[in-house]
Protein chains: 2
Amino acid sequence: MTDPTIAPSPSKPRPTKDRLIFAAANLFSERGYHGVGLAEILSQAQAPKGSLYHHFPNGKPDLALASATWASDQMLLLIAASFEPADSFTEGATTLCHKLAKLFDYTGKWSGCPVSSTLFEGPDNAPFQRHAAHLFEGWISEVKYHGQRLGFTEEDAATTAQSFYMLLQGGWQLARVRRDSDVIRALPALLKLGDTC
Amino acid sequence: MTDPTIAPSPSKPRPTKDRLIFAAANLFSERGYHGVGLAEILSQAQAPKGSLYHHFPNGKPDLALASATWASDQMLLLIAASFEPADSFTEGATTLCHKLAKLFDYTGKWSGCPVSSTLFEGPDNAPFQRHAAHLFEGWISEVKYHGQRLGFTEEDAATTAQSFYMLLQGGWQLARVRRDSDVIRALPALLKLGDTC
DNA sequence: ACCCTCCTAGACCGATCGGTCTACGACTCA
DNA sequence: TGAGTCGTAGACCGATCGGTCTAGGAGGGT
C-alpha cells in the first residue's frame, strides 16, 4: 500500500527484512508477481541476494506472501483509522475512500491492489489464492464489524461490507486505467445505504 | 472470456492465428502476462514459433493486445445479448450476471478478467494500460447505452453503468478467491436501482 | 514446369530468471 | 581472546525467457 504514514523514518534505518518487504510490495503492486525479478527488488531494497534467502528461505514465494500480508495489515489499519472516530457508517466509508484516493495519487497512479497483484498469479495458484482469500475476508469482516457497531443489523452489515469491498476493488482498478482518483472519492455516494446509516 | 458459445467448431479447424489468440487469452487470464511463457502458449495452440512471429511480428506484446481485444469483444457481445431482449435494466443486468456466473464456473474458477490480467502488467505499462482503458470504457458505454434505451436519464445511466462495472470487476475477483460464482449472481440486487428501472 | 507468396517448422541465441553456495564481517558471550 | 551466531555479500549455476533466423511445404498463377 506504500502508506505514506508508514514511510521510512530517517532516524532509525529500516532493517533489511523490512526493506525487502516494502520494496517487494511496491514493485509487485505495479507489475505483478512475475513482472518483477529478484534483481530489481534487491536493488531497490539495497540488499544482497544472501540476505533475501536468509530472511525468506523459500525465496520469492515467501517474500510475496510476506509483502502481501504486510500490505493487508496496512489496509486494516487504514480501515480502523477511518471508521473508529466516525459517527456513522457513511462518514467512515467516506473517510476511508478519501484516504485511499490520496494514497492512490501518492503511489503515482500506477499501482494495483497489492494483494491481488501479488497473489493472483503466483507460481502455484492454490496456496496463494487461499492466502489472498484469507486477507480479503479480513478486510470485509473488519468493515462489517464497524457496520454493526454503527447500527447495522448483522445481515445489513454483511452485505454492505461486501458491496463496499467490491466497489473499492473495481473502483481502484477503474481509477488506475483512468489515472484519476476521483473515481474512488465518488464511491460512498454509490453505496446507496439504507436509512439507518 | 473463453465463451463456451464461441468454442471450437469441430468441422472447420480454427486457423492458426485464432488458435494463438484463444490460447493466449485463456492462459493470460489465469496467470497474467508475465506468468505465461511463449512455449506454453505455442504448445496449447499447437503452433510453432515461426507462425507466432508471422502473425504477430512484434511478438508477445502484439499477441497480448490482440487477445485482450478479442476477449473484450466477447464481453461486448455478452452485454448486447443480455440487454437487447430485456424489458428493463434490472432484467438485462440480471441476465448478464447469470451468464457471467456460468462462464465463471465453466472456466474452472481460476481465471481473472482477461483484459486486466493481460494488460495491467505489461512490459511497458503506458500503452497497455491505455488500451485497457479503451476497452473498459467500451464496456461501460455499452451498458450506459442500454440504460438510456431502457428509460434512464443520461446521468443516471452513466453512474449506473459505472457502478455496475465496478461491482462486476470486484465481484468477479471476490468470486475467484472464494471459488463461488454466487457472488456474481447476487450483484444485481446490490445495484439498488432507482424507481425508473 | 517454374516462380512467388503465404505460412509452418524448429534450431539456435544472448539475456535474464530464481536459486545455491561459500566466504566473511559484526556482535555476544564465555 | 576464541567460539559461536546472525546476517551480509556476491560469484556462480542450470533453466527458461522472448526473439531471430534459415529452411521448407502448400498452393495458385502463368
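Just so we're clear, the structure is a prediction, and the values are computed from it rather than from any experiment. (Residues numbered from 1 in each chain as written. Chains lettered and ligands numbered in written order. Predicted model: local features only at pLDDT ≥ 70, side-chain atom pairs only at ≥ 80, totals over all residues. Heavy atoms only, no water.)

Participant: Is there a simple way to think about the state of the cysteines in this case?
Facilitator: Covalently bonding the sulfur atom of one cysteine to the sulfur atom of another cysteine gives a disulfide. Residue and element names in this part refer to chain A. Under the defined criterion, the tally for this structure stands at 0 disulfides over all chains. Cysteine Cys113 remains unbridged, with the sulfur of Cys97 as its closest cysteine sulfur at 14 Å. Here Cys113 falls in the buried class, since its relative accessible area comes to 10%. (Disulfide = S-S within 2.5 Å. Buried < 20%, exposed > 50% of the residue type's maximum accessible area, 1.4 Å probe, protein only.)

Participant: Teacher, can you tell me more about the confidence of the model for chain A here?
Facilitator: The predicted model of chain A has a mean per-residue pLDDT of 91, with 91% of residues at 70 or higher. For residues 1–11 of chain A, every residue scores under 50 in pLDDT, and the model assigns this stretch 23 contacts once sequence neighbours within four places are set aside. (pLDDT = per-residue confidence, 0-100. Contact = heavy atoms within 4.5 Å.)

Participant: Could you clarify how one ought to interpret the interface of chain A and chain B in this entry?
Facilitator: One frequent convention defines the size of an interface as the accessible area lost when the parts assemble. Listed by partner, the interface residues are 33 residues for chain A and 33 residues for chain B. Counting each side, the surface lost to burial between chain A and chain B is near 3,100 Å², with a carbon and sulfur contribution of 58%. When the buried area of chain A at its contact with chain B is split by residue, Met166, Gln173 and Val177 of chain A rank highest and sum to 19% of it. Our count for the contact surface shared by chain A and chain B stands at 2 salt bridges. Residues Glu137 of chain A and Arg178 of chain B are paired through a salt bridge, measuring 2.6 Å at the closest nitrogen-oxygen approach. Of the residues forming the side of chain A that touches chain B, the biggest block, 13 residues, is contributed by helix H8 (residues 154–178) of chain A. In terms of residue class, the side of chain A that touches chain B is built from 15 nonpolar, 11 polar and 7 charged. (Buried area = accessible area lost by both parts, 1.4 Å probe. Salt bridge = Lys/Arg side-chain N within 4 Å of Asp/Glu carboxyl O. Helix = DSSP H or I, 4+ residues; strand = E, 2+ residues; numbered from the N terminus. Nonpolar A, V, L, I, M, F, W, Y, C, P; charged D, E, K, R; others polar.)

Participant: Just to check I follow, could you spell out the protein's contact with DNA strand C for this structure?
Facilitator: Residues in contact with DNA strand C amount to 14 residues; listed here are only the nearest, Leu38, Lys49, Tyr53 and Lys60 of chain A together with Thr16 of chain B. Across the atoms of DNA strand C situated within 4 Å of the protein, the share located in sugar and phosphate is 53%. Thr16 of chain B is positioned with one of its side-chain polar atoms (N or O) 2.2 Å from a phosphate oxygen of DNA strand C. Where the surface near DNA strand C is concerned, the elements lending two or more residues are helix H3 (49–55) of chain A together with helix H3 (49–55) of chain B. (Near = heavy atom within 4 Å. Polar contact = N/O pair within 3.5 Å; in protein donor to acceptor, adjacent residues only side chain to side chain.)

Participant: Is there a simple way to think about the side chain of Thr107 of chain B in this case?
Facilitator: In this fold, Thr107 of chain B is placed in the loop between helix H5 (89–106) and helix H6 (114–119). By relative accessible area, which is 16% here, Thr107 of chain B ends up buried.

Participant: Please clarify how the pattern of salt bridges should be interpreted in this entry.
Facilitator: Note that side chains of opposite charge can pair when their charged atoms are close. Inspection of every chain in the model, using the stated rule, returns 10 salt bridges over all chains. Across the pair Asp105 of chain A and Arg185 of chain A runs a salt bridge whose closest N-O atoms are separated by 3.2 Å. Linking Asp105 of chain A in helix H5 (residues 89–106) with Arg185 of chain A in helix H9 (residues 182–185), this pair joins segments that are 80 residues apart in sequence. Residue Arg185 of chain A is classed as partly exposed on the basis of its relative accessible area of 28%. A salt bridge links Arg31 of chain B to Glu40 of chain B; the shortest N-O distance between them is 2.6 Å. Arg31 of chain B sits in the buried class, given a relative accessible area of 15%. Three or more residues joined by partner-sharing salt bridges are found here, namely Asp105, Asp182 and Arg185 of chain A.

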